[in-house]
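The primary structure of each chain is shown beneath.
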Amino acid sequence: MKTYMTPEEHARLHRRRARQTLGLLIAVLALVGVVTVVRAGVKGVATLFDDTQQKAEYEDRLEGLVLFDPLPFDGIENIDDLTLREAAVWGCVYSIQETQGSFDNYNTDPDTEQLLLPSVDVDAYLAKLVGPSFKLTHRSFEMDDMTVEFDETTQCYKIPVTGSVGTFRATVTRLFKKDGLLHVTVGYIPTQSSDDSILNTSSDTPTKYMDYLFSRQSGSWYLTGLTDSETKPESADSAASAAEPAPLAESEVNDAILATAGDSAAASAVADEAAPVEEAAESTPAESTPAESTEASSESPAA
């Protein structure tokens with residue numbers, strides 16, 4: 001039996017199918033949108049808690065100071081003057097080397113071929129570290145094994161040609177805020193051996209930690225102090241104890257004793273079984289040979 005659809009029913013069917021198709025499309029788009037939002041949220045949270053880039057930035061800013069292992073201070077005006085000059089000049093040198101890769105854009109002294117480091121570059125380096133309000137009076141200064149000369153005419157430091165300076169390199173391990181200050185925990189990695197004769201750049205283990213304190217000024221964080229850190233390096237004693245084997249438990253000791261006793265009893269039993277055989281062998285007289293018997297019988301009549 002054939003069924004017939006009126007034009008009105010046919011139109012309603014088409015409209016229903018169109019609504020179903022549209023609903024399915026909206027559902028797919030909504031699902032895609034939810035997935036996208038979730039992924040973006042997860043990525044945003046991970047980025048929020050990932051401070052790797054910040055740590056790297058503070059490592060660059062503090063590299064010059066860590067090189068020369070400054071003593072703790074409260075207030076940038078209380079830092080040792082020589083240490084600050086060393087950190088400003090050599091920190092600037094290392095920063096140029098890391099960011100530009102070479103000193104091709106800088107002039108050298110025609111007589112000594114020493115690098116000419118403009119004082120304005122040193123000022124810019126210090127401004128990022130301690131703030132633009134701090135001003136350093138530029139002049140020559142003596143280090144342990146060299147002199148860094150400041151040329152008043154060119155307003156440049158003459159940097160001696162040397163392989164390396166300083167005794168530590170920095171690794172930032174933690175950033176946290178306390179009492180309104182930003183604490184930057186820095187691990188000190190030695191660049192030389194204990195006798196200062198062999199470079200030790202392969203080691204990545206800090207031998208001590210210090211907290212550099214930064215205060216917020218005009219929306220930026222600037223160095224204001226240095227103090228001992230709560231983070232402590234792993235001691236040699238704990239490393240040695242970790243290498244030692246763990247002591248046996250009491251039950252394991254008893255099992256070892258019983259096993260040793262069992263081996264001893266088995267050895268004694270084997271020895272007891274072997275002893276009668278050896279004694280029997282020793283007590284059995286030697287049998288005479290046929291030749292000896294013939295000789296004995298032949299000698300008897302003659303006697």
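Overview of the structure. Predicted model only: the values in this text are computed from it and were never measured.

Moving on, we come to the overall build of the chain. Helices and strands together make up the secondary structure of the chain, namely seven helices and nine strands. Within the chain, the proportion of its 303 residues that are buried is 28%. Here the contacts in the chain between residues at least 6 apart in sequence split such that 57% fall between residues at least 24 apart. Accessible area for the chain stands at about 20,900 Å²; split by element, carbon and sulfur atoms hold 55% of it.

On the surface, a nonpolar cluster with roughly 400 Å² of combined accessible area is contributed by Leu22, Leu25, Ile26 and Leu29. Classification of leucine 25 as partly exposed rests on a relative accessible area of 48%.

The end-to-end C-alpha distance of helix α3 (residues 81–100) is 28 Å, a good match for the 28 Å that 20 residues give at a rise of 1.5 Å each. Two or three places before leucine 82, at the start of α3, stands the capping residue aspartate 80, its side-chain oxygen 3.3 Å from that residue's backbone nitrogen. Trailing α3 by a residue or two, glycine 101 shows a phi angle of about 85°, which is positive.

Ranked by internal contacts, the top residues of the largest apolar core, which has 49 residues, are Trp90, Leu117, Val184 and Tyr212. Excluding its chain neighbours within four sequence positions, the residues that come into contact with leucine 117 are Val89, Cys92, Val93, Ile96, Tyr106, Val122, Gln155, Cys156, Tyr157 and Ile159.

Looking now at the pattern of salt bridges. Taken as a whole and judged by the stated rule, the model has seven salt bridges. The salt bridge involving glutamate 230 is made with lysine 178; its shortest N-O contact spans 3.8 Å. Of this pair, glutamate 230 sits in the loop between β9 (220–228) and α5 (236–243) while lysine 178 sits in strand β6 (residues 168–178), placing them 52 residues apart in sequence. Classification of glutamate 230 as exposed rests on a relative accessible area of 64%. One connected set of salt bridges, linked through shared partners, spans Asp81, Arg85 and Arg139.

If you trace the five strands from one edge of the open sheet to the other, you get β1-β9-β8-β7-β6, paired in antiparallel fashion. At either margin of the open sheet sits one strand with a lone partner, and together these are β1 (73–74) and β6. By the bridge criterion, seven bridges tie strand β7 (residues 181–190) to strand β8 (residues 208–217) in an arrangement that is antiparallel. Looking at the pairing, valine 186 lines up with methionine 210 of β8. This element, helix α2 (residues 52–67), spans β6, β7, β8 and β9 of the sheet and lies at about 125° to β6. The strands touched by helix α4 (residues 119–130) within the sheet are β8 and β9, with β9 carrying the most contacts at an inclination of about 75°.

Here the focus is the layout of surface pockets. Estimated volume of the largest pocket: approximately 340 Å³. Lining the largest pocket are 18 residues, and of these Asp60, Ser95, Thr99, Tyr125 and Lys128 sit closest to its centre. Secondary structure elements with two or more residues in the lining of the largest pocket: α2, α3 and α4. A per-class count over the lining of the largest pocket returns seven nonpolar, four polar and seven charged.

This part is about the packing of α2 against α3. It is at 7 Å that the axes of α2 and α3 come closest, and there the two elements cross at 135°. The angle between α2 and α3 falls in the class oblique. Our pair here, α2 against α3, has a crossing hand that is right-handed. Between α2, through Asp60, Gly64, Leu65 and Leu67, and α3, the contact on the second element is made entirely by Thr83, Ala87, Trp90, Gly91, Tyr94 and Glu98. Broken down by class, the residue content of the contact of α2 with α3 amounts to five nonpolar, three polar and two charged.

Bringing the packing of aromatic side chains into the picture now. Across all of its chains, the model carries five aromatic pairs by this definition. Centroid distance phenylalanine 103 to tyrosine 106: 6.5 Å. Interplanar angle 70°. Geometry classified as edge-to-face. By relative accessible area, phenylalanine 103 is classed as partly exposed at 25%. Its relative accessible area of 14% is what places tyrosine 106 among the buried residues. With 5.3 Å between their ring centres and 75° between their planes, phenylalanine 168 and tyrosine 188 make a pair best called edge-to-face. With phenylalanine 168 in strand β6 and tyrosine 188 in strand β7, this residue pair connects regions lying 20 residues apart in the sequence. Considered together, phenylalanine 168 and tyrosine 188 belong to a single accessibility category, that of buried residues. Here a set of aromatic residues connected by ring pairs shows up, and it is made of Phe141, Phe150 and Tyr157.

Glancing now at the packing of α3 against α4. Taken N-terminus to C-terminus, the directions of α3 and α4 make an angle of 100°; their axes are 9 Å apart at the nearest point. By the angle class used here, α3 and α4 are roughly perpendicular. Contacts between α3 and α4 involve Leu84, Ala87, Ala88, Val89, Gly91, Cys92, Ser95 and Ile96 on the former and, on the latter, Asp121, Val122, Tyr125 and Leu126.

What counts, and where the lines are drawn
- The numbers attached to residues start from 1 for each chain and follow its sequence in the written order.
- Predicted model: local features are reported for residues with pLDDT of at least 70 only, side-chain atom pairs are reported and counted for 80 or more only, and whole-chain, interface and lining totals are derived from all residues.
- To get the side-chain values, all heavy atoms of the structure are used, and hydrogens and water are removed first.
- Helix and strand definitions follow DSSP, with helices as H or I runs of at least four residues and strands as E runs of at least two, each counted in order from the N terminus.
- Throughout, exposure labels follow a simple rule: accessible area from a 1.4 Å probe, protein chains only, divided by the maximum for the residue type, with under 20% read as buried, over 50% as exposed, and the rest as partly exposed.
- By the convention used here, residues are in contact when the closest approach between their heavy atoms is within 4.5 Å.
- Note on areas: Shrake-Rupley, 1.4 Å probe, and residue coverage restricted to the protein chains presented here.
- Patch rule: a residue counts if its relative accessible area is over 30% and it has no salt bridge; like charges are joined within 9 Å, and nonpolar side chains (Val, Leu, Ile, Met, Phe, Trp, Tyr) within 5 Å.
- Whenever Lys or Arg places a side-chain nitrogen within 4 Å of a carboxyl oxygen from Asp or Glu, that contact is recorded as a salt bridge.
- For a helix, the expected span equals 1.5 Å multiplied by the residue count minus one.
- Counting of polar contacts relies on pairs of N or O atoms within 3.5 Å, with two restrictions inside protein: one atom must be capable of donating a hydrogen and the other of accepting it, and residues adjacent in sequence are counted only when both atoms are side-chain atoms.
- In these notes, a set of buried Ala, Val, Leu, Ile, Met, Phe, Trp, Tyr and Cys residues joined through side-chain atoms within 4.5 Å is what counts as a nonpolar core.
- Two strands qualify as a pair provided that DSSP identifies no fewer than 2 bridges between them.
- Lines fitted to C-alpha atoms define the axes, with helix axes restricted to the stretch in contact, and inter-axis angles between N-to-C directions lie between 0 and 180 degrees.
- Both site types are read off a 1 Å grid over the protein atoms alone. A 1.4 Å probe that fits but cannot get out defines a cavity, while an open set with protein on both sides within 12 Å along at least five of seven lines defines a pocket; lining residues have an atom within 4 Å of a point.
- Grid points are joined across faces, edges and corners, and a volume is the space filled by probe spheres set on the points.
- Three classes are used: nonpolar for Ala, Val, Leu, Ile, Met, Phe, Trp, Tyr, Cys and Pro, charged for Asp, Glu, Lys and Arg, and polar for all others, with Gly counted as polar.
- With respect to orientation, any angle under 35 degrees is reported as roughly parallel, any angle over 145 as roughly antiparallel, any angle of 65 to 115 as roughly perpendicular, and every other angle as oblique.
- A clockwise turn of the near helix away from the far one marks a right-handed crossing, whereas an anticlockwise turn of less than a right angle marks a left-handed crossing.
- Each Phe, Tyr or Trp ring, with Trp reduced to its six-membered ring, pairs with another whose centre is within 6.5 Å; inter-plane angles below 30 degrees give stacked pairs, above 60 give edge-to-face pairs, and intermediate values give tilted ones.

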